[in-house]
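Per-entry structural report
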Amino acid sequence: MIVRSMSNATVNIKFRHGLTASDPERQPVLVVGQVAHLDSLTWHDVRCKLEPRVTEEAWRRGVACVSASPGDCVELWPRAAALAALPARRSRHAAPSRCHALAKLVRGLQRSTDEFIVLVCRKRDVYASCVSIARSFPLYSARSGAAPLAAAPPPRTRTVAVEILLVRRTPDGDGSDDDDDGPVDPYLLDNTLSSEDLATLQDAADATRLAARIADTPANIMNVDKFIEEACQVAKDLELAEPTIIRGEELRARGMGGLYGVGRAAACPPALVALHYRPAAATRTVAWVGKGIVYDTGGLSIKARTSMVGMKGDCAGAAAVLGAFAAAVRARPSIALHAVLCLAENAVGPLATRPDDIHQLYSGRTVEINNTDAEGRLVLSDGVVYASRDLRADVIVDVATLTGAQGTATGKYHAALVCNRGRLEARAAAAGRRAGDLAHALPFAPDLHFAEFSSAVADMRNSVADRNNAQPSCAGLFILAHLGFDFPGDWLHVDMAAPAHSGERATGYGVALLSVLFGEYTNSKLLRALCPPSSPSSPPTPAAAAAAAAAAAPAPSPDS
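A few points on the structure. (Residues numbered from 1 in each chain as written. Predicted model: local features only at pLDDT ≥ 70, side-chain atom pairs only at ≥ 80, totals over all residues. Heavy atoms only, no water.)

1. A short note on the packing of helix H6 (residues 195-216) against helix H7 (residues 224-237)
Look at H6 against H7: their axes get within 11 Å of each other, and the N-to-C directions meet at 165°. Classified by the angle between their axes, H6 and H7 sit roughly antiparallel to one another. When you trace H6 past H7, the crossing you get is right-handed. Judged by residue contacts, Leu-210, Arg-213 and Ile-214 of H6 engage Phe-227, Glu-230 and Val-234 from H7. Within the contact of H6 with H7, the residues separate by chemical class into four nonpolar, no polar and two charged. (Axes fitted to C-alpha atoms, helices over the stretch in contact; angles between N-to-C directions. Helix = DSSP H or I, 4+ residues; strand = E, 2+ residues; numbered from the N terminus. Parallel < 35°, antiparallel > 145°, perpendicular 65-115°, else oblique. Left-handed = near helix turned anticlockwise from the far one by under 90°. Contact = heavy atoms within 4.5 Å. Nonpolar A, V, L, I, M, F, W, Y, C, P; charged D, E, K, R; others polar.)

Quick look at the structure:
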């Protein structure tokens, strides 16, 4: 792979349907797509991005080279025009978009100037692909450059323009999807993108980068106070009422002993922050609850030196919930939607929780602490009960970097799912493949696993007795126990400890997953089409039915 240096300039990412004329010598261009999709292009489709530097013969030779070696990249014009092919094959538990390979290619081929990325893909893959490109350009950087800090010039803003060429039919494409997620919505079978679709892509990209920026920012900057400011700014940008904020001693007074106990030793008091979107005609209430541990030392059960590095990202769940909420509200959902952020620093100090301490959580249940490094489930338990009791949510999703064992159970690409409803569990996994935020189900067996939390003196302990017995599943069950195993609503637990990061950078994982999983409730036609159906017999949306006829007819070429 060809690797080029990057500057620390601020990067703006913009999406457009169709290609504009440009000279790669002045604005470098990367053309990327699956081999079958690249093969379907003609020279006329791409010449406006490559001439006068690249000839038709060079283009054809480049396509032949990457077709013979998918996943590779070739130079069409040195340091100015490149062509890259995504892997030709994928397993059934990977994303059809090959978005993880796309992100790796884009990261390795970034320039330090304004540049173009020509994305060649199917409409059904455009959402996951655009989010993948966006997360390849992280926002947070503290580099000062070679000059002394006082003399360093302000960072230069550069633009990455993603121009999208949609293909409709490939040699193996017959209108049905190539995975186990059922037929493709007709809206996804044409090769057009509306201005509304482009706005959906832009909102998803911006929200993903916001979530990654928060998780990347160190705790001496992104403490609880700063995180609250971020939440308030999102509410202001969305023209919503100020968030509900319950902090410090008020948490204790309200009975939220889990969140209070975890964060009371830190310089910044812990807080529960809730953002609210309540349309007048809403008939359902959904709450997304995020773990926001801005730094996790492990508490008095302190982590090893090497294990503590990177714990600034233990707030990635709350960051994902905040970003997903921002993207969803911009799509004007028909449901009441709440983002509940459980914010604390798990610090060491005179007020830190001790092993053997007993806390009473918002559920009223008592918890004997046998591991202060199992703090995420304590703050989330208060958060989900608040969502149920105070917000009357009938669908609750908690998102967290909860267990190191998640990476062992489902790997570094797939989050782990624990769910009390089989249909929701299957839809979440399908939404992950469509959105590019992969997820895989774990066993849901409270009758077999919850005994791991048995305590002689309290209702439960907070950490399992046997760490080899489905530890990530057990951690999720601890949270559900505070809602009650007979909770009548839908509950989904997303443990994304591993996919929240790629190398040393946050990914913004979770924004795309939540947006697509609940896309059916939004006004975005693209999100509604991507959302897995609520039931196998669900009829197509009116927009999808209208698009079915258009998909069968010849469509005009993208704008040039």
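2. As for the environment of Ala-161
Along the chain, Ala-161 falls in strand E6 (residues 157-166). Look at Ala-161 and you get buried, because its relative accessible area is 16%. Along the chain, Ala-161 and Val-29 lie 132 residues apart, while their C-alpha atoms are 9.4 Å from each other. Once you skip the residues sitting within four places of it in the chain, Ala-161 turns out to touch Lys-14, Glu-115, Phe-116 and Ile-117. (Buried < 20%, exposed > 50% of the residue type's maximum accessible area, 1.4 Å probe, protein only.)

3. Regarding the sheet that holds strand E16 (residues 460-461)
The strand order E11-E12-E16 describes an open sheet built from three strands, whose pairing is mixed. Edge positions in the sheet fall to strand E11 (358-360) and E16, since each has one partner strand and no second. Where E11 meets strand E12 (residues 366-368), three bridges bridge the pair, whose relative direction is antiparallel. Paired with Ile-358 across the bridge in E12 is Glu-368. (Pairing = 2+ DSSP bridges.)

4. A look at the sheet that holds strand E2 (residues 29-34)
Strand order in the open sheet formed by six strands is E1-E6-E5-E2-E4-E3, with mixed pairing between adjacent strands. Of all the strands in the sheet, just strand E1 (10-17) and strand E3 (73-77) have a single pairing partner and so form its edges. Mean inter-strand twist for the sheet, computed between neighbouring axes without regard to direction, equals 20°. Bridge analysis of E1 against E6 gives eight bridges, and the strand direction is parallel. Paired with Ile-13 across the two strands is Val-160, which belongs to E6. Contacts from helix H4 (residues 99-108) reach E2, strand E4 (81-86) and strand E5 (115-121) within the one sheet, and its direction differs from that of E4 by about 160°. Seen against the sheet, helix H5 (residues 123-135) touches E1, E2, E5 and E6 and runs at an angle of roughly 150° to E5.

So far we have only geometry, and geometry alone does not tell us how the molecule works.
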